[in-house]
Amino acid sequence: MLTFVSILVSCGGLPISQQLVKIDSWLAEGRNDHAYYYISKYDADSFQKEEDRAYYNLLSTRATIERGLNPSSDSLINEAIRYYKLTGNTVRLASCYYYKGEYYVNLKEWPRAIEIMKRAEEQVVQTKNDWMKYKIYYAIGRINQQCGNYRLGVDYAQKALRYVLQTNNWEDIANIYMQIADNYANLGQVDSAAYYTKKMEPYVGSIDWRQERLLMEIRDSVRQAKARRNNTVLELQWQFDEQK
């Protein structure tokens, strides 16, 4: 009996949506190299249905980014966004905006990244997809932290925390606690930084060295905050929220 993988790479006929569903499941399981290897065997023209082409465009972008690479451009994800805006698939549209945002994060184009991530947020709040809510809130928090907007970094990390605690994924939970602690450290709030660093312990074991490092860096972080602050990112978020 042929395995699904052998069917997936067979030469007979065009690929079908079932194969894309399987690649999607590999990505959900964290088998990113596996998913990237098989999605790379196709291109958008391999699929006859527009629905399948849009799904491919999303998965191809997602697999590339999850593997630690960046697509050569955002053209594929833009096509997926166009399709899902027309069809009203809110979950996939939120996912599209998220991975387009990550594309610009990788380019360190922070204003563009935050604008797109805010569009992802706008879509994901209409869904019940808690995992995608976590991913988007975490990403917005990271961008704000990178740009020196530490208070917003805390706010979005706290939003992400509410959803990631439901997953029982220890690594992701520890990352969120560390993000909150780092933001508080940069705000000069020593007690809060120490509290959230301590919260990490059940998830990563003994982290005394991290706590010590974190608290020792508070002065430097506060000193650098003004230099790193990116008001453009703040203003874009305020404008977006005011319009809504």
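The structure presented is a predicted model; accordingly, all values stated were derived computationally and were not measured. (Residues numbered from 1 in each chain as written. Predicted model: local features only at pLDDT ≥ 70, side-chain atom pairs only at ≥ 80, totals over all residues. Heavy atoms only, no water.)

Helix and strand content of the protein: 15 helices and zero strands. Buried positions account for 47% of the 244 residues belonging to the protein. Within the protein, residue pairs in contact and separated by at least 24 positions form 60% of the contacts whose partners lie at least 6 positions apart. Put simply, the protein shows about 12,900 Å² of open surface, and 47% of that area lies on carbon and sulfur atoms. (Helix = DSSP H or I, 4+ residues; strand = E, 2+ residues; numbered from the N terminus. Buried < 20%, exposed > 50% of the residue type's maximum accessible area, 1.4 Å probe, protein only. Contact = heavy atoms within 4.5 Å. Areas by Shrake-Rupley, 256 points an atom, 1.4 Å probe, with all protein chains shown as cover.)

Now for the packing of helix H6 (residues 90–106) against helix H7 (residues 110–124). Between H6 and H7, the shortest axis-to-axis distance is 8 Å and the interhelical angle comes to 165°. Regarding the angle of H6 to H7, the classification is roughly antiparallel. H6 and H7 meet at a crossing whose hand is left-handed. Within the contact between the two elements, H6 uses Thr90, Leu93, Ala94, Tyr97, Tyr98, Lys100, Gly101, Glu102, Tyr104 and Val105 and H7 uses Trp110, Arg112, Ala113, Ile116, Met117, Arg119, Ala120, Gln123 and Val124. (Axes fitted to C-alpha atoms, helices over the stretch in contact; angles between N-to-C directions. Parallel < 35°, antiparallel > 145°, perpendicular 65-115°, else oblique. Left-handed = near helix turned anticlockwise from the far one by under 90°.)

A few words on the environment of Gln158. Counting through the fold element by element, Gln158 comes out in helix H9 (residues 150–164). Sequence separation between Gln158 and Gly141 is 17 residues; the distance between their C-alpha atoms is 8.9 Å. Discounting chain neighbours no more than four positions away, the residues touching Gln158 are Ile180, Tyr184 and Tyr196.

On to the packing of helix H8 (residues 130–146) against helix H10 (residues 170–186), then. Contact geometry of H8 with H10 gives a least axis separation of 11 Å together with a crossing angle of 30°. When the axis of H8 is compared with that of H10, the two are roughly parallel. In this structure, the crossing between H8 and H10 has a hand that is left-handed. For the pair H8 and H10, contact is made by Trp131, Tyr134, Tyr138, Gly141, Arg142 and Gln145 and by Asp172, Asn175, Ile176, Gln179, Asp182 and Asn183, respectively. Residues belonging to the contact of H8 with H10 are distributed by class as follows: four nonpolar, five polar and three charged. (Nonpolar A, V, L, I, M, F, W, Y, C, P; charged D, E, K, R; others polar.)

In this section: the confidence of the model for the protein. Residues shown with low pLDDT carry predicted positions that ought not to be read at fine detail. Looking at the protein as a whole, the pLDDT averages 85, with 82% of positions reaching at least 70. Considering each helix and strand of the protein separately, the mean pLDDT is smallest for helix H1 (residues 4–8), with a value of 44, and largest for H6, with 98. Segment residues 1–13 is flagged for pLDDT under 50; beyond a separation of four residues in sequence, or across chains, it makes 14 contacts in the model. (pLDDT = per-residue confidence, 0-100.)

A few words on the packing of aromatic side chains. Inspection of every chain in the model, using the stated rule, returns 16 aromatic pairs. When the ring of Tyr137 is compared with that of Tyr163, the centres are 6.1 Å apart and the planes differ by 25°; the resulting orientation is stacked. One end of the pair, Tyr137, is in helix H8; the other, Tyr163, is in helix H9, with 26 residues separating them in the sequence. Ring centres of Tyr184 and Tyr196 lie 5.8 Å apart, and the angle between their planes is 15°; this geometry places the pair in the stacked category. A residue pair is termed long-range when its members are at least 10 positions apart, and Tyr184 in helix H10 and Tyr196 in helix H11 (residues 190–199) qualify at twelve residues. A relative accessible area of 10% places Tyr184 in the buried class. (Phe/Tyr/Trp six-rings, centres within 6.5 Å; stacked < 30°, edge-to-face > 60°.)

Quick look at the nonpolar core now. Counting residues in hydrophobic clusters, the biggest one holds 67 residues, and the most contacted among them are Ile23, Tyr84, Ile136, Ile143 and Ile176. Excluding residues within four positions of it along the chain, Ile23 makes contact with Ala35, Tyr38, Ile39, Tyr42 and Leu59. (Core = buried A, V, L, I, M, F, W, Y, C linked by side-chain atoms within 4.5 Å.)

Its identity is not glycine, yet Lys108 carries a phi of approximately 60°, on the positive side. By the element assignment, Lys108 lies in the loop between H6 and H7. By relative accessible area, which is 58% here, Lys108 ends up exposed. For Asn168, which is not glycine, the phi dihedral falls at a positive 60°. Relative to the elements of secondary structure, Asn168 occurs in the loop between H9 and H10. Take Asn168: its relative accessible area is 57%, and that puts it in the exposed class.

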